[in-house]
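# Examination of the molecular architecture
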Amino acid sequence: MSKFGMTVTEHLLSQQRLHPDATGAFTVLLSELIVAAKIISKEARKSGLTDILGFTGDINVQGEAVKKLDEFANTSIIRRMSHLGQLCAMVSEESADIIEIPSKYQKGNYVLIFDPLDGSSNIDANVNIGTIFSIYKKVTPGEQVASVDVLQPGYRQVAAGYFLYGTSTMMVYTTGDGLHGFTLYPAVGEFLLSHENIRIPERGSIFSVNMGYTNYWDENVKAVVDHFTKADPEKGLPYSLRYIGSLVADFHRTLLYGGIFMYPPDRKDPKKPHGKLRLTCECAPLAMLVKQAGGMATDGERDILEIEPGEIHQRVPLYIGSAKDVKTVMEILKTERK
Ligand code: AHM
Ligand code: MG
């Protein structure tokens, strides 16, 4: 029976019932995150009307200028999630260190990793932005949080998802039982199931990469792009190029239409030899989602989900999307490496 139109709360409870040993802690956690996302969505909607646009003047841990809405999203999530009693620690793209749960609050067994406002360079132009999240279970006993609790490979995620603040606000999430998309119905303030069991096309016709960096790429990356721009209609080439510059938005399109999104390594910034995207708060959660939809994610050689993070803000190259397109890229990169 189709569950189309079901509220996300009902959906979370139905997923919880699939796991008889579930305590409900996880459902509480995701429900609270949804509230935080609704608040961010509401703030993003009116951002053109208030003085929330523009820079705060601060530089974040990544050395980028912090915008007010980023800061708002970051603090909204931290504040709402700290007191719940389900988390033992958090990691945010906007915070240099692991965020501890204040001692006045009870602690739980989950670790929340998030990018509060992805694509923030697009805010002032009213382009889609999003929040990415990833949840792990603590692996060490006791209350103390060890680095191994936070630095887990992506395949250990118990849930992942994103909120997309676009023409409509969407939530796409998985707890490992398929990938499901919900659209916020603003009049009633509820996320309703609109995309049940999302499957990415096996192969697409769109590639997505920042072509402005061509002169900073190695030959193997250039060979990948040459492949997708070849004029060979019999092989379905060339692909169309689409690049928004908001990972969540580029990923969402890739998920629904198929194709591939790439952020390869480049020589633009010697401090970022592996590209710009972060393993734990961006690449690993999206890799879990795409896998649930039948797609793939790699850094060019390894499955993104198999990579053990060395530090919380580690960056990795990302090639993500339709399985056949990702495999093609891996083959080209392998051939070029020889
Ligand atoms: P952000 O999290 O600070 O917004 O940075 C990540 C964003 C991604 O959303 C997007 O894919 C990428 O940066 C775009 O980078 P570039 O402008 O180098 O193409
Ligand atoms: Mg980001």
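## Some remarks on the packing of helix α2 (residues 25-45) against helix α3 (residues 68-82)
Contact pair α2 / α3: the axes reach a minimum separation of 9 Å and the direction vectors enclose 155°. In this view, α2 runs roughly antiparallel relative to α3, as classed from their interaxial angle. Two packed elements cross with a definite hand, and for α2 against α3 that hand is right-handed. Residues L29, E32, L33, V35, A36, I39, I40, E43 and A44 of α2 touch α3, and the partners they reach there are L69, F72, A73, S76, I77, R80 and M81.

## A look at the sheet that holds strand β9 (residues 180-185)
Hydrogen bonds along the backbone pair up the strands of a sheet, which may run parallel or antiparallel. Pairing is mixed in the open sheet, where eight strands are placed in the order β4-β3-β5-β6-β7-β8-β9-β10. The two strands at the open ends of the sheet, each matched to only one other strand, are β4 (99-100) and β10 (190-195). When strand β5 (residues 110-118) meets strand β6 (residues 129-137), the two strands line up antiparallel, connected through seven bridges. Of the residues in β6, the one forming a bridge with L112 is I135. The strands touched by helix α7 (residues 279-292) within the sheet are β5, β6, β7 (159-165) and β8 (169-174), with β6 carrying the most contacts at an inclination of about 85°.

## Here we look at the domain arrangement of the chain
Along its sequence, the chain is carved into domain 1 (8-195) and domain 2 (206-337). Each of domain 1 and domain 2 has a C-alpha centre, and the two are 24 Å apart. The interface is formed by 48 residues belonging to domain 1 together with 33 residues belonging to domain 2. The tally of links from domain 1 across to domain 2 stands at one salt bridge. Note that R278 is salt-bridged to E93, the shortest N-O span being 3.5 Å.

## Observations concerning unusual backbone geometry
In this structure, the amide linkage connecting L237 to the following residue, P238, adopts the cis form with an omega of 0°. By the element assignment, P238 lies in the loop between α5 (219-229) and β12 (240-241). Residues other than glycine seldom take positive phi values, yet N126 does so here, at roughly 60°. By the element assignment, N126 lies in the loop between β5 and β6. Residue class for N126 comes out exposed when judged on its relative accessible area of 73%. Here the phi dihedral of N197 falls at roughly 45°; this positive angle occurs in a residue that is not glycine.

## Here we look at the coordination of the magnesium ion (ligand 2)
Looking at the metal site, the magnesium ion (ligand 2) is ligated by E93 (OE), D115 (OD), D118 (OD) and E282 (OE), spaced 1.9 to 2.8 Å from it. In the primary structure, the donors to the magnesium ion (ligand 2) are separated according to the pattern E-x21-D-x2-D-x163-E. Here D115, found in strand β5, pairs with E282, found in helix α7; they are 167 residues apart in sequence, far enough to count as distant. With respect to burial, D115 and E282 carry one shared label: buried.

How each quantity is defined
- Residues numbered from 1 in each chain as written.
- Chains lettered and ligands numbered in written order.
- Predicted model: local features only at pLDDT ≥ 70, side-chain atom pairs only at ≥ 80, totals over all residues.
- Heavy atoms only, no water.
- Axes fitted to C-alpha atoms, helices over the stretch in contact; angles between N-to-C directions.
- Helix = DSSP H or I, 4+ residues; strand = E, 2+ residues; numbered from the N terminus.
- Parallel < 35°, antiparallel > 145°, perpendicular 65-115°, else oblique.
- Left-handed = near helix turned anticlockwise from the far one by under 90°.
- Contact = heavy atoms within 4.5 Å.
- Pairing = 2+ DSSP bridges.
- Domains from an automatic or database assignment.
- Salt bridge = Lys/Arg side-chain N within 4 Å of Asp/Glu carboxyl O.
- Buried < 20%, exposed > 50% of the residue type's maximum accessible area, 1.4 Å probe, protein only.
- Donors = N, O, S within 2.8 Å, 3.2 Å for Na, K, Ca; no water.

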